[in-house]
Amino acid sequence: MEKKAELYAGKAKSVYATDEDDKLILRFRNDTSAFDGEKMEQLERKGMVNNKFNAFIMRKLEEAGVETHQIELLSDEESLVKKLDMIPIECVVRNIATGSIVRRLGVEDGMDLDPPTFEFFLKNDELHDPMVNDYHIRTFGWASEEEVAAMKELTFKVNGILKQLFLDAGMLLVDYKLEFGRYQGRIVLGDEFTPDGCRLWDKDTRNKLDKDRFRQGLGGVVEAYEEVAHRLGVPLE
Ligand code: ATP
Ligand code: TYD
C-alpha cells in the first residue's frame, strides 16, 4: 500500500490518499485540541495510543455486526481505512448528563439518563458545531431520511456493545460522538472512537479518564488514555 498526497489535515488526524481509490490512510497525531481549536497542545504518545485504541474498538464493533471503515493498523500512528463519503453530522448518545447538555438544559451533572438520549450536531467549527435535528438534516440535504434512521440505529447499537465492554473493565461510558459516511451504498462508521471523542469515568470513583482531563486542565491526559487501554487489554507496544 503506497501512501500518496495528504488530502486533509484536521485538528487531530491527517488523511492521505493511497494507490487504491477506495482506501485512505489516517494518521493520528499528538495534537490535542479543545473549544473549537482555541486550546491546542501536543501530547506525547497520544497519536499512537489513539490509533491502537481505535483499531481495537472498531474490531469489537465489527465482531458485533457494525460495519466500520477500519481495514488494518499500518504503523504506530497510521491505519488503513475505507474511503467514505462523510456525512457532516456528529451523532451523540449520552448515558449520563455532563458537558454541553448540562449547560444547555440545566439538568444535574452526573444524573443517569434513562433512556439514554440522542443528539445530532452539524460539523462546522465556524458555527461551533450547532445542534441540529432530523428535519434540518433532511431539508438542507446533509443526509436522507433513510440515512438519518441508519445513523441513529447504529449509534444506539454501538451503545449497547460498548457500554458493556467498558463496564466489564470498570468504566462508565458517559457519552460519545460518532461520524458516519457512505460506502458502496451503505452507511459505515468512520472517523474514530477514542477517549478524544467520548467520556469515560471510573465506575467506582467517577474519575475522568478522557479528554475532559485536557479540557479542564487536570493533567495526566495520555496516562488516563493508557489506563483505559490497559483495562480493556488493548496492546500498545
Ligand atoms: P473534528 O475534530 O471536529 O472531528 P477535524 O476535521 O478537525 O474535525 P480530524 O479528526 O482531525 O477532525 O480529521 C479527520 C477528518 O477525516 C475528519 O474531517 C473526518 O470526517 C474525516 N474522516 C474520518 N474517517 C474518514 C474516512 N473513512 N473517509 C473519509 N474521511 C474520513
Ligand atoms: P458535549 O457534551 O456535547 O460537548 P462538550 O465537550 O462541549 O461539553 O459532547 C458530548 C460528547 O461528544 C463528548 O464525549 C465529546 C463528544 N463530541 C466530540 O468529540 N466532538 C464534537 O464536536 C461534539 C459535539 C461532541
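Look up a bit, the structure's there.
In what follows, the accompanying structure is described. Nothing here was measured: the structure is a model prediction, and the numbers come from that model.

## Brief notes about the site of ligand 1
The immediate surroundings of ligand 1 are formed by 18 residues, with Y8, K11, A12, K13 and K123 found nearest. Taking K82, its main chain carries an N or O atom lying 2.9 Å from a nitrogen atom of ligand 1. At a separation of 2.7 Å, an oxygen atom of ligand 1 approaches a polar side-chain atom of K123. Calculation on ligand 1 without its partners gives an accessible area of 620 Å², and the protein chains cover 87% of this total. Of all the elements in the fold, those that place two or more residues in the shell around ligand 1 are β2 (13-18), β7 (78-82), β8 (85-96) and β11 (171-183). Residues of the shell around ligand 1, tallied by class, amount to 7 nonpolar, 2 polar and 9 charged.

## Focus on the pairing of strand β5 (residues 39-42)
Taken together, the 4 bridges between strand β4 (residues 31-34) and β5 define a ladder with antiparallel strand orientation. Note on β5: the bridge partner recorded for D31 is Q42. Linking β4 back to β5 in an antiparallel pair, the connection comprises 4 residues, with F35 at a positive phi of about 55 degrees.

## Things to note about the site of ligand 2
Taken together, 17 residues surround ligand 2, and among them E90, R94, S100, D175 and R199 come closest. Measuring from an oxygen atom of ligand 2, one finds a side-chain N or O atom of S100 at 2.6 Å. Between ligand 2 and D129, the relevant distance is 2.9 Å, taken from an oxygen atom to a side-chain nitrogen or oxygen of the residue. Across the complex, the protein chains shield 83% of the 520 Å² of accessible surface that ligand 2 would expose by itself. The class makeup of the residues in the shell around ligand 2 is 4 nonpolar, 4 polar and 9 charged.

## Regarding the sheet that holds strand β6 (residues 70-73)
The antiparallel open sheet is built from 5 strands, whose spatial order is β1-β2-β3-β7-β6. In this open sheet, the two strands that pair with only one neighbour each are β1 (3-9) and β6. Sheet twist, expressed as the average angle between the axes of neighbouring strands with direction ignored, equals 30 degrees. Two elements, β2 and strand β3 (residues 23-28), share 5 bridges in a ladder whose sense is antiparallel. Looking at the pairing, A17 lines up with L24 of β3. The strands that helix α1 (residues 46-63) touches are β3, β6 and β7; relative to β6, the one it contacts most, it runs at about 135 degrees.

Definitions and limits used
Residues numbered from 1 in each chain as written. Chains lettered and ligands numbered in written order. Predicted model: local features only at pLDDT ≥ 70, side-chain atom pairs only at ≥ 80, totals over all residues. Heavy atoms only, no water. Near = heavy atom within 4 Å. Polar contact = N/O pair within 3.5 Å; in protein donor to acceptor, adjacent residues only side chain to side chain. Areas by Shrake-Rupley, 256 points an atom, 1.4 Å probe, with all protein chains shown as cover. Helix = DSSP H or I, 4+ residues; strand = E, 2+ residues; numbered from the N terminus. Nonpolar A, V, L, I, M, F, W, Y, C, P; charged D, E, K, R; others polar. Pairing = 2+ DSSP bridges. Axes fitted to C-alpha atoms, helices over the stretch in contact; angles between N-to-C directions. Contact = heavy atoms within 4.5 Å.

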